[in-house]
Amino acid sequence: MAAIRGSPPKWKVQAVEEIRRIFSTYPVVAIVGFRGVPSGQMQKIRRDFRGKALIKVVKNTLLEKAIDALGGNFEKLKEFIYDQTAIVATNMNPFKLFKMLEETKVPSPLKPGQVSPVDVVVEKGPTPFPPGPIIGELQAAGLPAAIERGKIVIKETVTVVKAGEVVKPEVARALEKLDIKPVKLGLDVRAIYDSGVILTPEVLAIDEEAVKGQIAEAFQKALNLAVNAAYVTEETAEILIMKAVIDARNLAINACIFEKDVMPELLAKAYAEMLALASKLPEDALDDDLKNRISGLQVRVEKVEEEKVEEEKEEEEEKKEEEEAEESALEGLGALFG
């Protein structure tokens, strides 16, 4: 039986229905681009995602028709449909999916006639090439190449291609010779639909180390707050008990409470106060024992002060030696450069 004139081919209807089914079945669907991805790399990506996500290359017109049929928040996805498009459907977290998709990208060289998505900068410095015809190829690409000590070197840092410019054949060849791969090819995420919410790469790109640092900082601040507020949790219990012991000991010492655990400190404190008081009395008011004790205390104090003076003197001498060394070095440089 012939198809009715004007009706879409059956395969297109089935394709649209399959796309609708994917969006309805999976809570997370990414719209990605794959321009320039070699077939071998695409096959590897499919293998890596097997059992984790469904990857399907779709025609833009059929994807738009499926989204029109779905309606609702899906309509907003149409602005991300352009160039070569594929969809990636999964049950995993959208942020985890984004990270996996980013990991599919591999460094790749620029091709002649390609529009560069980035500025390509060649740093000055030596190359691995000995003198030969390649120096002409580098110079033809706009690189200030020269020969130094038996090697071809780039004399100055230069931007050979700016973002948005078409890559010239000679530039592409030179970059390939220098093994410069400025772009990464893989599945390029445009948007991820997550149960009614559309997430863009700006939201999905998370600096994991920065987040870990923020979590650690938040934990430390929360712990300090809980300890200062005496809020008992599994994490603060040990700290609070230690703090309570220290506070109780300090209180007992300052209030002179006679408890077994603080008696050594109280006796040491009383002894020090006794010596301090005795040192203020005239000598005829002291017996020989107290005089000896005070004399020993004064000797220790004087020794500590002498050691302090000696340390300060050594620090001054070291500082003076460093200054003299700096002056000598400056004089040597002055003599060297005339």
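Look up: the structure comes first, before these words.
An account of the accompanying structure is given in this report. (Residues numbered from 1 in each chain as written. Predicted model: local features only at pLDDT ≥ 70, side-chain atom pairs only at ≥ 80, totals over all residues. Heavy atoms only, no water.)

**Concerning the sheet that holds strand 6 (residues 125-126)**
Okay, so step 1: Read from one edge to the other, the open sheet built from 3 strands follows the order 6-8-7, with strand pairing classed as antiparallel. Both outer strands of the open sheet, strand 6 and strand 7 (145-148), are each paired with one neighbouring strand and no more.
Okay, so step 2: Taken together, the 2 bridges between strand 6 and strand 8 (residues 151-154) define a ladder with antiparallel strand orientation. Across the sheet, glycine 125 pairs through a bridge with isoleucine 154, a residue of strand 8. (Pairing = 2+ DSSP bridges. Helix = DSSP H or I, 4+ residues; strand = E, 2+ residues; numbered from the N terminus.)

**Section: the nonpolar core**
One recurring pattern in soluble globular proteins is that nonpolar side chains are buried together.
Okay, so step 1: Counting 22 residues, the largest nonpolar core has Val32, Phe49, Val88, Leu97, Leu101, Leu187 and Ile192 as its most contacted members.
Okay, so step 2: Listing elements by their share of this core, those giving two or more residues are strand 1 (28-33), helix 2 (39-49), strand 2 (53-58), strand 3 (85-90), helix 4 (94-102) and strand 11 (188-194).
Okay, so step 3: The greatest single-element share of this core, amounting to 4 residues, is contributed by helix 4.
Okay, so step 4: When sequence neighbours within four positions are dropped, the list of residues in contact with valine 88 reads Val28, Val29, Ala30, Val32, Ala53, Leu54, Ile55, Leu97, Leu101 and Leu187.
Okay, so step 5: In terms of nonpolar packing, the next biggest core, distinct from the first, is built from 21 residues, Leu110, Val120, Leu175 and Leu178 among them. (Core = buried A, V, L, I, M, F, W, Y, C linked by side-chain atoms within 4.5 Å. Buried < 20%, exposed > 50% of the residue type's maximum accessible area, 1.4 Å probe, protein only. Contact = heavy atoms within 4.5 Å.)

**Examining the packing of helix 1 (residues 10-25) against helix 3 (residues 60-70)**
Okay, so step 1: Contact pair helix 1 / helix 3: the axes reach a minimum separation of 9 Å and the direction vectors enclose 55°. Viewed along their axes, helix 1 and helix 3 adopt a mutual orientation that is oblique. Helix-helix and strand crossings are classified by hand; for helix 1 and helix 3 the assignment is right-handed. Contacts between helix 1 and helix 3 involve Trp11, Lys12, Ala15, Val16, Ile19, Arg20, Phe23 and Ser24 from the former and Leu62, Leu63, Lys65, Ala66, Ala69 and Leu70 from the latter.
Okay, so step 2: Tallied by class, residues from the contact of helix 1 with helix 3 come to 10 nonpolar, 1 polar and 3 charged. (Axes fitted to C-alpha atoms, helices over the stretch in contact; angles between N-to-C directions. Parallel < 35°, antiparallel > 145°, perpendicular 65-115°, else oblique. Left-handed = near helix turned anticlockwise from the far one by under 90°. Nonpolar A, V, L, I, M, F, W, Y, C, P; charged D, E, K, R; others polar.)

**Focus on the side chain of lysine 105**
Okay, so step 1: Within the element layout of this structure, lysine 105 appears in the loop between helix 4 and strand 4 (106-108).
Okay, so step 2: Reaching out from lysine 105, the side chain makes a polar contact with the side chain of aspartate 188 at a distance of 3.2 Å.
Okay, so step 3: Those residues in contact with lysine 105 that sit more than four places away from it in its chain are Gln41, Lys184, Leu185, Gly186, Leu187 and Asp188. (Polar contact = N/O pair within 3.5 Å; in protein donor to acceptor, adjacent residues only side chain to side chain.)

**Things to note about a nonpolar patch on the surface**
Okay, so step 1: A cluster of nonpolar residues, Phe95, Val203, Ile206, Val211 and Ile215, forms a patch on the protein surface that exposes about 410 Å² of accessible area.
Okay, so step 2: On the secondary structure map, isoleucine 206 appears in the loop between helix 7 (201-204) and helix 8 (208-228).
Okay, so step 3: Under the relative-accessibility criterion, isoleucine 206 is labelled partly exposed at 47%. (Patch = residues over 30% accessible without salt bridge, like charges linked within 9 Å, V, L, I, M, F, W, Y side chains within 5 Å. Areas by Shrake-Rupley, 256 points an atom, 1.4 Å probe, with all protein chains shown as cover. Salt bridge = Lys/Arg side-chain N within 4 Å of Asp/Glu carboxyl O.)

**Digging into the packing of aromatic side chains**
Okay, so step 1: Applying the stated criterion across every chain, the model contains 2 aromatic pairs.
Okay, so step 2: Relative to phenylalanine 74, the ring of phenylalanine 23 lies with its centre 5.6 Å away and its plane at 90°, an arrangement referred to as edge-to-face. Taken as a pair, phenylalanine 23 in helix 1 and phenylalanine 74 in the loop between helix 3 and strand 3 lie far apart in primary sequence, 51 residues in all. Each of the two residues, phenylalanine 23 as well as phenylalanine 74, counts as buried. (Phe/Tyr/Trp six-rings, centres within 6.5 Å; stacked < 30°, edge-to-face > 60°.)

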